[in-house]
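Close look at the chain arrangement
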Amino acid sequence: MDFTFTEEQQAAAEAAKGVFAGVAPDAVPSPALTPGAVAETYDRALWARLADADLLSLLLGPRHGGAGLDAVALCLVLRESARVLARVPLLENSAAAAAVQAYGGDEAKADLLARAGRGELVLTVAAHGRTGHDPAEQAVTARQDGGTWVLDGMQTAVPWAYDADVTVVPAHTGTGRTLLALVPRGLEGAVLAEQFSTSGERLGELRLESARLAARNVIDTDGAWEWLRDLLATGTCALALGLGERVLRMTGQYTSEREQFGFPIATFQAVAVQAADRYIDLRAMEATLWQAAWRIASGALGALPAAGDVAVAKIWASEGVRRVVQTAQHLHGGFGADVDYPLHRYHAWAKHLELSLGPAAAHEEALGELLAAHPPA
């Protein structure tokens, strides 16, 4: 394995740094002070700048107006976005578009991809199931009725649900297959109910009651959902890494300036050891992230399926991002809880990412099952 980034991947990261340079992490009200959503919609001005920089079409091929890059490039950009808590559906839109490109029919590609890459429409994914803990593909059923598919079920915590023009919904059939339904905004039989993240963003509970979709809006290709699920999870790990790196940098700056007994508290052994432990967490999060992203991007074979590398990345990301922000809160003292200081917002976003990834124990169990099913030769 060679984790050296290509010139194209590095260029994408540099472009992202430029776009995100002027983003203020505390530009919207604090979730601690807002009973509902911190804002009505995503940061549309930033979305437009991302589109102008061709960062919404990274994974799309030239045929659809994109750069034809891979999951590694996307994760580099997501890492930069999380450092400033960018309020845009970049992960969901990019992953959904990539899945349509890889597995969708020609009509769906023509309808969605070029416009999604230009930022003219927003795609999102319902990936959390009924409760956030059960498999998303089991939350909705799909059955054929003539030339249409009929959907029934519910998905919770759909990100950017009220802003999305199309929501990609995994659903299972009576024969045990999983398909992807491209549910347009306003579809009869599709109802949204408000939910709110710990970060203060508005989510949606999507209920489908005999919602009918034409066959052109259904991706019925084996492996489509598994590939999309792994890409979403790996992208979420990239967000956790970027957020954690920014928080540790904030903590280093604060402890270098804050003095007790005439010395910066960063010079105290107890403080230095805690910061060092969190640095180790971040390096492990980074190594496992790039391993997972590389497996998805390259399609390379390994001792385990790519899902094994994704599980390892999720274990480190879900545990690591929590430890980083908790240590930062501790070392900042009262400043960490001050709503006029941005650290509390990073903590709220970290909790959202941790919940989105799910508990490390569940990923360890999944990894154990993969190891049992693929014993060493």
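Scroll up to find the structure.
Here we take up the overall build of the chain. When you go through the chain residue by residue, the secondary structure sums to 10 helices and 10 strands. Relative to the compact-globule value of 21 Å for 377 residues, the chain shows a C-alpha radius of gyration of 21 Å, a close match. Taking the principal axes of its C-alpha atoms as reference, the chain extends roughly 80 × 55 × 40 Å. Counting over 377 residues, the chain shows a buried share of 52%. Taking the intrachain contacts of the chain between residues at least 6 apart in sequence as the baseline, contacts between residues at least 24 apart amount to 73%. Split by element, the accessible area of the chain, about 16300 Å² in all, is 54% carbon and sulfur.

Tracing the backbone through its elements, the reader meets Asp 43 in the loop between helix 1 (7–20) and helix 2 (44–52). Separated by 54 residues in sequence, Asp 43 and Ala 97 have C-alpha atoms that sit 20 Å apart. When residues no more than four places from it in sequence are discounted, the contact partners of Asp 43 are Arg 87 and Val 88. At 3.4 Å, the side chain of Asp 43 forms a polar contact with the backbone nitrogen of Ala 45.

With that out of the way, let us pick up the nonpolar core. By size, the foremost hydrophobic cluster in this structure holds 89 residues, and its most contacted members are Phe 20, Leu 50, Leu 228 and Leu 243. The element contributing the most residues to this core is helix 6 (residues 224–257), with 15 residues. Contact partners of Phe 20, with chain neighbours within four places excluded, come to Leu 46, Leu 50, Val 77, Glu 80, Ser 81, Val 84 and Ala 86. With 19 residues, the next largest nonpolar core counts Val 183, Leu 187, Leu 208 and Leu 213 among its residues.

Quick look at the packing of aromatic side chains now. The geometry of an aromatic ring pair is captured by two quantities: the separation of the ring centres and the angle between the planes. Taken as a whole and judged by the stated rule, the model has six aromatic pairs. Geometrically, the ring pair formed by Tyr 42 and Trp 160 is edge-to-face, given 6.3 Å between the ring centres and 90° between the ring planes. Here Tyr 42 is found in the loop between helix 1 and helix 2, whereas its partner Trp 160 is found in the loop between strand 3 (148–159) and strand 4 (166–172), with 118 residues between them in sequence. Each member of the pair, Tyr 42 together with Trp 160, is buried. An aromatic cluster is built from Tyr 42, Trp 47 and Trp 160, whose rings are joined through pairwise contacts. Across the ring face of Tyr 162, the terminal group of Arg 202 is positioned such that the distance to the ring centre comes to 4.1 Å. Its end group placed over the ring of Tyr 279, Arg 283 keeps NZ or CZ at 5.0 Å from the ring centre.

Taking 1.5 Å as the rise per residue, helix 6 with 34 residues should run 50 Å; its terminal C-alpha atoms sit 50 Å apart, in good agreement. With 25 of its 34 residues buried, helix 6 lies for the most part within the structure.

Another aspect to go through is the pattern of salt bridges. Close approach of charged atoms allows side chains with opposite charge to pair. Under the criterion given, the structure shown has 26 salt bridges. A salt bridge links Glu 194 to Arg 202; its shortest N-O distance comes to 3.0 Å. Residue class for Glu 194 comes out partly exposed when judged on its relative accessible area of 44%. Assessed through its relative accessible area of 19%, Arg 202 is described here as buried. Linking Glu 354 and Lys 351 is a salt bridge whose minimum nitrogen-to-oxygen distance equals 3.0 Å. With Glu 354 and Lys 351 both in helix 9 (residues 343–357), this residue pair falls three residues apart, about one helical turn. Judged by its relative accessible area of 31%, Lys 351 is partly exposed. One salt-bridge network, held together by shared partners, links Arg 278, Asp 281, Glu 319, Arg 322, Arg 323, Lys 351 and Glu 354.

It is worth spelling out the packing of helix 3 (residues 71–83) against helix 7 (residues 269–298) at this point. Interaxial distance between helix 3 and helix 7 falls to 8 Å at its minimum, and their mutual angle equals 145°. Contacts between helix 3 and helix 7 involve Ala 71, Val 72, Cys 75, Leu 76 and Arg 79 from the first element and Arg 283, Glu 286, Leu 289, Trp 290, Ala 293, Trp 294, Ile 296 and Ala 297 from the second. For the contact of helix 3 with helix 7, the per-class residue count stands at 10 nonpolar, no polar and three charged.

Take helix 2 next. Residue pairs three or four apart in sequence face the same way in an α-helix, which turns once every 3.6 residues. Where helix 2 is concerned, the buried positions are Leu 46, Trp 47, Leu 50 and Ala 51. One side of helix 2 carries all its buried residues, which in axial view fall inside an arc of 145°. Phi turns positive one or two residues past the end of helix 2, at Asp 54, with a value near 60°.

All right, on to the environment of Glu 365 then. By the secondary structure assignment, Glu 365 is in helix 10 (residues 360–373). Each C-alpha atom of the pair Glu 365 and Ser 57 lies 35 Å from the other, and the pair is 308 residues apart in sequence.

Reading guide: rules and limits
Residues numbered from 1 in each chain as written. Predicted model: local features only at pLDDT ≥ 70, side-chain atom pairs only at ≥ 80, totals over all residues. Heavy atoms only, no water. Helix = DSSP H or I, 4+ residues; strand = E, 2+ residues; numbered from the N terminus. Rg over C-alpha atoms; globule rule 2.2 N^0.38 Å. Buried < 20%, exposed > 50% of the residue type's maximum accessible area, 1.4 Å probe, protein only. Contact = heavy atoms within 4.5 Å. Areas by Shrake-Rupley, 256 points an atom, 1.4 Å probe, with all protein chains shown as cover. Polar contact = N/O pair within 3.5 Å; in protein donor to acceptor, adjacent residues only side chain to side chain. Core = buried A, V, L, I, M, F, W, Y, C linked by side-chain atoms within 4.5 Å. Phe/Tyr/Trp six-rings, centres within 6.5 Å; stacked < 30°, edge-to-face > 60°. Lys NZ or Arg CZ within 6 Å of the ring centre and 35° of its normal. Expected span 1.5 Å × (residues − 1). Salt bridge = Lys/Arg side-chain N within 4 Å of Asp/Glu carboxyl O. Axes fitted to C-alpha atoms, helices over the stretch in contact; angles between N-to-C directions. Nonpolar A, V, L, I, M, F, W, Y, C, P; charged D, E, K, R; others polar. Arc of directions from axis to C-beta.

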